[in-house]
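In case you want the letters, here they are:
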Amino acid sequence: MIKGIKLWIKRILTTLFGLYLLIVGANYLYHYTQPTNDELDQYRVGFEVMYDKKVDYSIHFYDPNEPTSVLAYCLLLGGKGMYVAVNRDNWRKLTQDRRMLTMMHEMGHCSMNLKHNDAEFKDGCPVYLMASYIMPQYCIDDHGIGYYLSSLSIQEKH
Ligand SMILES: [Zn+2]
C-alpha cells in the first residue's frame, strides 16, 4: 500500500517537473526566436562599434506579468549571451542617458560575460557600469556618461 502511494507521488512529481521544464523551455524558445526590435537595434550598433564586439543575439521588449523594478536582463547560457529582454513599461520612463547605460550594461553581460561589480568611489558612486543596482543620476552627472561607457572596457581588462 505505502509502496503504491510512493509510486504515485513519484509519478506526480515527475509530471510536474516535466511541465515545469516545458514552460521554461517554451519561454526560452519564445525569447530566443524574437527578432531584434528596431528601436533597440541602434544600441546594438553602438555597442558593436564602441567595444568592437559582435552581437549575434536578439534584443527585444517584453511585458512583465506584474510590475517589477527590473529594467532589462541578459540570459547567459554557458557564458554565451542568448538574448536581452527589456521591460517595456520601465523603458518608457527612462531618460536617453539611462536607456543607453541600461543597454550597454546588459550587453556587457551578454557579449563580454561581465559579472556585477559593486566597487565604489569615495563619493559612493559605482566604479563600473556593471554595478548590480540602478546608477544614481548624480553619479552619471558627476562622472559623466562617457566614463561609465568606458568602464566596461576597464572591467574587461581586469
Ligand atoms: Zn546586470
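Below you will find a few notes about this structure. Values in this document were obtained by computation on a predicted structure and should not be read as measured data.

**Focus on the overall build of the chain**
- Within the chain one finds six helices and three strands.
- Order of helices (α) and strands (β) in the chain, N terminus to C terminus: α-α-β-β-β-α-α-α-α.
- For 158 residues, the compact-globule estimate of 2.2 N^0.38 gives 15 Å, and the chain exceeds it by more than 25% at 20 Å.
- Judged by the C-alpha coordinates and their principal axes, the chain covers about 70 × 35 × 30 Å.
- Burial statistics for the chain: of 158 residues in total, 22% are counted as buried.

**Brief notes about the packing of helix H4 (residues 96-112) against helix H6 (residues 145-157)**
- Packing of H4 against H6 leaves a shortest axis separation of 10 Å and a crossing angle of 5°. Taken as axis vectors, H4 and H6 run roughly parallel relative to one another. Along the contact surface, H4 presents Asp-97, Met-100, Leu-101, Met-104, Gly-108 and Met-112, while H6 presents Ile-145, Tyr-148, Leu-149, Leu-152 and Glu-156.
- Here the residues of the contact of H4 with H6 are counted per class, giving eight nonpolar, one polar and two charged.

**A few points about the sheet that holds strand S2 (residues 72-77)**
- Strand order in the open sheet formed by three strands is S1-S3-S2, and the pairing between neighbours is mixed. Every interior strand has two partners, whereas the edge strands, strand S1 (58-62) and S2, have only one. If you compare each strand with its neighbour and ignore which way they point, the axes differ by 25° on average.
- Two strands pair when backbone bridges link them, and S2 and strand S3 (residues 80-87) are joined in this way by six bridges, in the antiparallel orientation. The residue of S3 that forms the bridge with Tyr-73 is Ala-85.
- Across the sheet, helix H1 (residues 2-32) lies against S1, S2 and S3, angled at about 85° from S3, the strand it touches most.

**Some details on the environment of Ala-119**
- Inspection of the secondary structure puts Ala-119 in the loop between H4 and helix H5 (137-143).
- For the pair Ala-119 and Ala-131, spaced twelve residues apart in sequence, the C-alpha separation works out to 7.6 Å.
- The contacts of Ala-119, once residues within four sequence positions are left out, are Val-127 and Tyr-128.

Thresholds, definitions, all that
Residue indices follow the written sequence of each chain, beginning from 1 at its first position. Given that the model is predicted, a residue must reach a pLDDT of at least 70 before its local features are reported, and side-chain atom pairs must reach 80 or more before they are shown or counted; all residues, however, enter totals for whole chains, interfaces and linings. Secondary structure follows DSSP: runs of H or I at least 4 residues long count as helices, runs of E at least 2 residues long count as strands, and numbering of each begins at the N terminus. What the globule rule says is 2.2 Å times the number of residues to the power 0.38, and the radius of gyration is computed from C-alpha atoms. Note on burial: count the other C-beta atoms lying within 10 Å of the residue's C-beta; 20 or more is buried, 12 or fewer is exposed, in between is partly exposed, and C-beta positions come from the backbone. Axes here mean lines fitted to C-alpha atoms, for a helix over just the part in contact, with angles spanning 0 to 180 degrees between N-to-C directions. Here roughly perpendicular refers to angles of 65 to 115 degrees, roughly parallel to angles under 35, roughly antiparallel to angles over 145, and oblique to all remaining angles. In this description, any two residues whose backbone-derived C-beta atoms lie within 7 Å of each other are considered to be in contact. Here the term charged refers only to Asp, Glu, Lys and Arg, the term nonpolar to Ala, Val, Leu, Ile, Met, Phe, Trp, Tyr, Cys and Pro, and the term polar to all other amino acids, Gly among them. Two strands make a pair as long as DSSP finds a minimum of two bridges between them.

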